[in-house]
Amino acid sequence: MNILTKQQATDKLLSVLPDDINTLSNIFHSNGLELFLVGGCVRDAFIGKQIKDFDVCTNAMPDSILTLLKANNVKCELRGEDFGVIVACMDEDIEIATFRTDIAGDTGNNKDTVVKLGATIEEDVERRDLTINALFFNLKTHEIIDLVGGIDDLINGVIR
């Protein structure tokens, strides 16, 4: 498989970025908040696959996201209160997730895991299922962020 360079992947993302993502980016950044593409869309840019789904994450808490979107006349709904997910109902629904981390309960049972909102990007990346899905794209700086070796894993054909 031919893996694109960071610059090529960045160019691909920017060439297919929906206007609604740019709108959200402007809203968040003009209010001093962070907004990142995350997961499959960033991975798919590297492998040259058609990007169909754009998920974003932020350092903003759900209440702040709702307030911000409503103040900018963006229809939205809370779709995962326990998981910090707000959906911006635009031309397509865009899921906006608050950075979060998982806190395991004392029993070792996955059902005892609690989601803590308000984490950092460094904490959020650790809860992602695969390194190749833990790639972020900063919508302000257009920088691809790889904190767990996902790009190397793509290049080497490793799933971890």
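Quick notes on the rules
Residues numbered from 1 in each chain as written. Predicted model: local features only at pLDDT ≥ 70, side-chain atom pairs only at ≥ 80, totals over all residues. Heavy atoms only, no water. Phe/Tyr/Trp six-rings, centres within 6.5 Å; stacked < 30°, edge-to-face > 60°. Helix = DSSP H or I, 4+ residues; strand = E, 2+ residues; numbered from the N terminus. Buried < 20%, exposed > 50% of the residue type's maximum accessible area, 1.4 Å probe, protein only. Pairing = 2+ DSSP bridges. Axes fitted to C-alpha atoms, helices over the stretch in contact; angles between N-to-C directions. Salt bridge = Lys/Arg side-chain N within 4 Å of Asp/Glu carboxyl O. Parallel < 35°, antiparallel > 145°, perpendicular 65-115°, else oblique. Left-handed = near helix turned anticlockwise from the far one by under 90°. Contact = heavy atoms within 4.5 Å.

Trainee: Can you walk me through the packing of aromatic side chains in this structure?
Mentor: Working definition: an aromatic ring pair is given by the centre-to-centre distance plus the angle between the planes. For the coordinates displayed, the defined rule picks out 2 aromatic pairs. The interplanar angle of 40° and the centroid separation of 5.9 Å between the aromatic rings of Phe36 and Phe99 together place this pair among those described as tilted. Of the two residues, Phe36 is situated in strand 1 (residues 35-38) and Phe99 in the loop between strand 5 (93-98) and strand 6 (100-103); the sequence distance between them amounts to 63 residues. This pair shows no difference in class: Phe36 is buried, exactly as Phe99 is. Considering the side-chain rings of Phe36 and Phe136, the 6.1 Å spacing of their centres and the 85° angle between planes classify their relative orientation as edge-to-face. Note that Phe36 is positioned in strand 1 and Phe136 in strand 8 (residues 135-138), a separation of 100 residues in sequence. Given a relative accessible area of 4%, Phe36 falls into the buried group. In textbook terms, an aromatic cluster arises when at least three aromatic residues are bridged by ring pairs, as seen for Phe36, Phe99 and Phe136.

Trainee: Teacher, can you tell me more about the sheet that holds strand 1 here?
Mentor: Think of a sheet as strands paired side by side through backbone hydrogen bonds, with each pair either parallel or antiparallel. The strand order 3-4-5-2-1-8-9 describes an open sheet built from 7 strands, whose pairing is mixed. Each edge of the open sheet is held by one strand with a lone partner, namely strand 3 (76-80) and strand 9 (144-146). On average, adjacent strands in this sheet sit at an angle of 35° to one another, irrespective of strand direction. The sheet contact formed by strand 8 and strand 9 spans 3 bridges and is antiparallel. Counted as the bridge partner of Phe136 is Ile145 from strand 9.

Trainee: Explain the pairing of strand 1 to me, please; I cannot follow it from the model alone.
Mentor: Each regular strand displays side chains that alternate between the two surfaces of the sheet. Burial along strand 1 is two-sided: the residues Leu35 and Leu37 and Phe36 and Val38 are all buried. Here strand 1 runs beside strand 2 (residues 55-58); their pairing, made up of 4 bridges, is antiparallel. Bridged to Val38 within strand 2 is Asp55. Relative to strand 8, strand 1 is paired through 3 bridges, and the arrangement is antiparallel. Within strand 8, the position partnered with Leu37 by the bridge is Phe137.

Trainee: Got a minute to help me understand the pattern of salt bridges in this structure?
Mentor: Here the idea is simple: oppositely charged side chains can pair when their charged atoms come close. In the structure shown here, the tally under the stated rule is 5 salt bridges. Two residues, Arg128 and Asp124, come together in a salt bridge whose shortest N-O distance is 2.6 Å. Judged by relative accessible area, Asp124 falls into the buried class, the value being 0%. Each member of the salt-bridge network shares a partner with another, and the members are Glu77, Arg79 and Asp93.

Trainee: It is not clear to me how the packing of helix 2 (residues 19-30) against helix 4 (residues 62-71) should be interpreted in this structure. Could you clarify?
Mentor: The N-to-C vectors of helix 2 and helix 4 enclose an angle of 110°; their axes lie 11 Å apart at closest approach. The angle between helix 2 and helix 4 falls in the class roughly perpendicular. In this structure, helix 2 meets helix 4 at a crossing whose hand is right-handed. For the pair helix 2 and helix 4, contact is made by Leu24, Ile27 and Phe28 and by Ile65, Leu68 and Leu69, respectively.

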